[in-house]
Amino acid sequence: MNKLSYLTNMGIDVWQQRSSVTAAEPEPESMPATSSLDWGQLEAEISNCSLCELHKTRNNVVFGVGSKTADLLIIGEAPGATEDAKGEPFVGRAGQLLDAILVAIKLQRADVFIANILKCRPPNNRDPLPDEVKLCTSYLKQQIELLKPKLIVAVGRIAANFLLNTSDSMANLRGKTYSYGEQQTPLLVTYHPAYLLRSPREKAKAYLDWQKAAAMLSH
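Residues numbered from 1 in each chain as written. Predicted model: local features only at pLDDT ≥ 70, side-chain atom pairs only at ≥ 80, totals over all residues. Heavy atoms only, no water.

Q: What's the story with the packing of helix α4 (residues 92-104) against helix α9 (residues 203-217) in this structure? I'm lost.
A: The packing of two helices is summarised by the inter-axis angle and the distance between the axes. α9 packs onto α4 with a crossing angle of 50° between their chain directions and a minimal axis gap of 10 Å. By the angle between their directions, the pair α4 and α9 is classed as oblique. At the point where α4 passes α9, the crossing takes the right-handed sense. Residues Leu97, Leu98, Ile101, Leu102 and Ala104 of α4 lie in contact with α9, whose contacting residues are Lys203, Trp210 and Gln211. Of the residues in the contact of α4 with α9, the class split is six nonpolar, one polar and one charged. (Axes fitted to C-alpha atoms, helices over the stretch in contact; angles between N-to-C directions. Helix = DSSP H or I, 4+ residues; strand = E, 2+ residues; numbered from the N terminus. Parallel < 35°, antiparallel > 145°, perpendicular 65-115°, else oblique. Left-handed = near helix turned anticlockwise from the far one by under 90°. Contact = heavy atoms within 4.5 Å. Nonpolar A, V, L, I, M, F, W, Y, C, P; charged D, E, K, R; others polar.)

Q: Would you explain the environment of Ser67 in this entry?
A: You can see Ser67 is positioned in the loop between β2 (65-66) and β3 (72-76). Judged by relative accessible area, Ser67 falls into the buried class, the value being 17%. Measuring from C-alpha to C-alpha, the distance between Ser67 and Ala110 comes to 5.7 Å, with 43 residues separating the pair along the chain. With residues up to four places along the chain from it excluded, the contact list for Ser67 reads Ala110, Asp111, Val112, Phe113 and Leu147. Within the local environment of Ser67, its side chain forms a polar contact with the side chain of Thr69, the two groups lying 3.1 Å apart. (Buried < 20%, exposed > 50% of the residue type's maximum accessible area, 1.4 Å probe, protein only. Polar contact = N/O pair within 3.5 Å; in protein donor to acceptor, adjacent residues only side chain to side chain.)

Q: I tried to follow the environment of Lys148 on my own but got confused; where do I start?
A: With respect to the helices, strands and loops of the structure, Lys148 is situated in the loop between α5 (130-147) and β5 (151-155). Looking at Lys148, the relative accessible area reads 65%, which means it is exposed. For Lys148, the side chain forms a polar contact with the main-chain oxygen of Glu145, separated by 2.8 Å.

Q: What is the right way to look at the nonpolar core in this model?
A: Most often, soluble globular proteins have nonpolar side chains that are buried together. Core analysis: the largest hydrophobic core is formed by 58 residues, its most contacted members being Leu72, Ile74, Leu102, Leu187 and Trp210. The dominant element in this core, judged by the number of residues it contributes, is α5, at six residues. Setting aside residues up to four positions removed in sequence, Leu187 forms contacts with Leu151, Ile152, Ala154, Leu163, Leu164, Lys176, Thr177, Tyr178 and Tyr180. (Core = buried A, V, L, I, M, F, W, Y, C linked by side-chain atoms within 4.5 Å.)

Q: Got a minute to help me understand the packing of aromatic side chains in this structure?
A: Any aromatic ring pair is given by two values, namely how distant the centres are and how the planes are angled relative to each other. A full pass over the atoms with the stated rule returns four aromatic pairs. With 5.1 Å between their ring centres and 25° between their planes, Tyr191 and Tyr195 make a pair best called stacked. A relative accessible area of 9% places Tyr191 in the buried class. Of the aromatic side chains, those joined through ring pairs into one cluster are Trp39, Phe63 and Phe113. Seen from the ring of Trp39, Lys68 lies directly overhead, with NZ or CZ sitting 5.5 Å from the centre. (Phe/Tyr/Trp six-rings, centres within 6.5 Å; stacked < 30°, edge-to-face > 60°. Lys NZ or Arg CZ within 6 Å of the ring centre and 35° of its normal.)

Q: Any chance you could explain the pattern of salt bridges here in plain terms?
A: Pairing of side chains with opposite charge becomes possible as their charged atoms draw close. Per the stated rule, a full pass over the model turns up six salt bridges. Note that Glu53 is salt-bridged to Lys56, the shortest N-O span being 2.8 Å. Owing to a relative accessible area of 52%, Glu53 belongs among the exposed residues under this scheme. By relative accessible area, Lys56 is classed as exposed at 58%. For Glu202, the salt bridge goes to Lys205, with nearest N and O atoms at 3.3 Å. The class for Glu202 is buried, based on a relative accessible area of 17%. Salt bridges sharing partners connect three or more residues here, namely Glu88, Asp99 and Arg109. (Salt bridge = Lys/Arg side-chain N within 4 Å of Asp/Glu carboxyl O.)

Written as structure tokens, this is what we have:
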């Protein structure tokens, strides 16, 4: 697939080259994993979780979806209404755009693993509360430890801020390569697909982010 086809899949009219910048951020402090579980045990534990008040308002726990041997892990902030109804992350219009982005870098949803920081939807799609994030941290960390991805892509400011333990803006976070955790897993930051639907002019920047991800996965 040539560059024009990539752009067409993502709905981008203009493509421009951007140089890469490498930087590093500290791993965030987080709640330690309480046990070492396999994928099935971890999913069962998350499905029955009642650590925070979100379990009272959820319809479904959103564990994550994709290949459990994937090189690429995509992390968002929290499920929305459609995700809560279906029990799967990144569905609806934002999910369709993410699927198109993956196709643009020669991947399918089944080739990657997609998860959120929170496994339950915050009411009215509000931002996750610090205590909710803290209580879900061990679950996400165990997913990362089990997957051992080659690359993590944080989509959206909230996911990026949490994973990098920062309050920096998207404008400052994009375009750099970070490392996450004891394994120093490379981590990139890009826009959330839902944001791109609201701000289509940013798709060209997102395209560059995902092209960088594709290049890192190929090495």
